[in-house]
Amino acid sequence: MRSLDSNQVWMKEITASLAVRVGEWFGASAELNVESAELRRYPNSFMLRYRVRAGDSQSALLVKIPRKPAHRVIGEALQNDYLQEHTREYYDFMLAIWRAFERASGEHGFAIRPLEYFEKWNAIAMLEAEGRSLKSMTFLGAPPKTSRFLNYLKNTARWLRVYHERVGELRVETFSRAEIVSRLDALLADLSRNSRGKVD
């Protein structure tokens, strides 16, 4: 069976399951736009995207299936034991982060909301969130010196603070002097390399 045909079989099965679940996630009147189904390939995942209409509002639903770059079709990704083992943990981690920021009432940003983990497809259903990464803003060189960008940095710092206070676990470890020096040397070398020689 050709790769395209194989992926279409998996998508049809996943779509049928989502169609009966959207009411739980978006409200009783919600409808999954089956015709909007779109498969996107990223180096480490297959991503299915759907449009969902609930009353006068419209949202996007994503289904992420982790994969290795060598996996050409969804079926190959589902045979990988490592991915099977870690995807459920990833879902639980996403859920913990979302709950932490839900309690924060949006004061310091938001987190993507995971909706369900489907063991059969080793897939995570989640809401789509619009945004732009800080990495994309600095991709072509120095970061923009604007008040908006500085505000993004401040919001990022606040987000990290909420994460560490409400999700991350505090661990106290002991290091020898040699270990500390070694880690600092590696950190400084990495900083020098990625700053294009501006930091030494």
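Located above this text is the structure these notes cover.
It should be emphasised that the depicted structure is a prediction, and the values quoted were computed from it without experimental measurement.

A. Just the overall build of the protein, in detail. Along the protein, the regular secondary structure elements total seven helices and five strands. Mapped from its N terminus to its C terminus, the protein presents α and β elements in the order α-α-β-β-β-α-α-β-β-α-α-α. Taken across its 200 residues, the protein has 32% of its residues classed as buried. Taking as baseline every contact in the protein between residues at least 6 positions apart, the subset at least 24 positions apart corresponds to 51%. Surface accessibility of the protein: about 14000 Å² in total, with carbon and sulfur atoms responsible for 52%.

B. Inspection of unusual backbone geometry at higher detail. In this model, Asn 122 sits at a positive phi of 45°, which is unusual for a non-glycine residue. Position of Asn 122 among the secondary structure elements: in the loop between strand S4 (114–118) and strand S5 (123–127). The buried category is assigned to Asn 122, whose relative accessible area is 0%.

C. Spotlight on the side chain of Arg 49. By the element assignment, Arg 49 lies in strand S2 (residues 45–54). For Arg 49, a relative accessible area of 18% corresponds to the buried category. Side chain to side chain, Arg 49 and Glu 128 meet in a polar contact 2.9 Å long. Every residue in contact with Arg 49, bar those within four places of it in the chain, is listed here: Ser 36, Ala 37, Glu 38, Arg 40, Ala 60, Leu 61, Leu 62 and Glu 128.

D. Inspection of helix H4 (residues 81–103) at higher detail. End to end, H4 covers 35 Å across 23 residues, agreeing with the expected 33 Å (1.5 Å per residue, within 8%). When we look at burial in H4, the residues that qualify are Leu 83, Thr 87, Tyr 91, Met 94, Leu 95, Ile 97, Trp 98, Ala 100 and Phe 101. For H4, the secondary structure elements touched by its buried residues are strand S3 (57–66), helix H3 (74–77), S4, S5 and helix H6 (147–166).

E. Focus on the sheet that holds strand S1 (residues 31–42). What the five strands build is an open sheet, ordered S1-S2-S3-S5-S4; its pairing is antiparallel. Only two strands of the sheet have a single partner each, and these edge strands are S1 and S4. The mean inter-strand angle of the sheet, taken between neighbouring strand axes irrespective of direction, is 20°. As paired strands, S4 and S5 are joined by four bridges and run antiparallel to one another. Bridged to Tyr 117 within S5 is Ile 124. Seen against the sheet, H4 touches S3, S4 and S5 and runs at an angle of roughly 160° to S4.

F. Here's a closer look at the nonpolar core. The biggest cluster of nonpolar side chains holds 25 residues, and the ones touching the most others in it are Leu 18, Phe 26 and Leu 61. For this core, the elements supplying multiple residues, two or more each, are helix H1 (3–19), helix H2 (22–26), S1, S2, S3, H3, S4 and S5. For this core, the element with the most residues is S2, which contributes five residues. Non-local contacts of Phe 26, meaning those with residues more than four positions away in its chain, are made with Val 52, Ala 54, Ser 59, Leu 61, Leu 115 and Leu 127. Counting residues in each nonpolar core, the second largest holds nine residues, with Leu 62, Leu 95, Trp 98 and Met 126 among its members.

G. Summary view of the side chain of Asn 7. Along the chain, Asn 7 turns up in helix H1. Given the relative accessible area of 1%, Asn 7 is considered buried. Setting aside residues up to four positions removed in sequence, Asn 7 forms contacts with Leu 39, Arg 41, Arg 72, Val 73 and Ile 74.

H. Highlighting the packing of aromatic side chains. Evaluated as defined, the whole model comprises three aromatic pairs. Taking 6.5 Å as the distance between ring centres and 75° as the angle between the ring planes, the aromatic pair formed by Trp 25 and Phe 118 counts as edge-to-face. Separated by 93 residues along the polypeptide, Trp 25 in helix H2 and Phe 118 in strand S4 bring together distant segments of the chain. You can call Trp 25 buried: its relative accessible area is 12%. Plain terms: the ring middles of Phe 118 and Trp 121 are 5.4 Å apart, the flat faces sit at 50° to each other, and that makes the pair tilted. Ring pairs connect the aromatic residues Trp 25, Phe 118 and Trp 121, which therefore count as one cluster. The residue whose ring lies beneath Arg 67 is Phe 46, and the NZ or CZ to ring-centre distance is 4.7 Å.

Analysis parameters
Residues numbered from 1 in each chain as written. Predicted model: local features only at pLDDT ≥ 70, side-chain atom pairs only at ≥ 80, totals over all residues. Heavy atoms only, no water. Helix = DSSP H or I, 4+ residues; strand = E, 2+ residues; numbered from the N terminus. Buried < 20%, exposed > 50% of the residue type's maximum accessible area, 1.4 Å probe, protein only. Contact = heavy atoms within 4.5 Å. Areas by Shrake-Rupley, 256 points an atom, 1.4 Å probe, with all protein chains shown as cover. Polar contact = N/O pair within 3.5 Å; in protein donor to acceptor, adjacent residues only side chain to side chain. Expected span 1.5 Å × (residues − 1). Pairing = 2+ DSSP bridges. Axes fitted to C-alpha atoms, helices over the stretch in contact; angles between N-to-C directions. Core = buried A, V, L, I, M, F, W, Y, C linked by side-chain atoms within 4.5 Å. Phe/Tyr/Trp six-rings, centres within 6.5 Å; stacked < 30°, edge-to-face > 60°. Lys NZ or Arg CZ within 6 Å of the ring centre and 35° of its normal.

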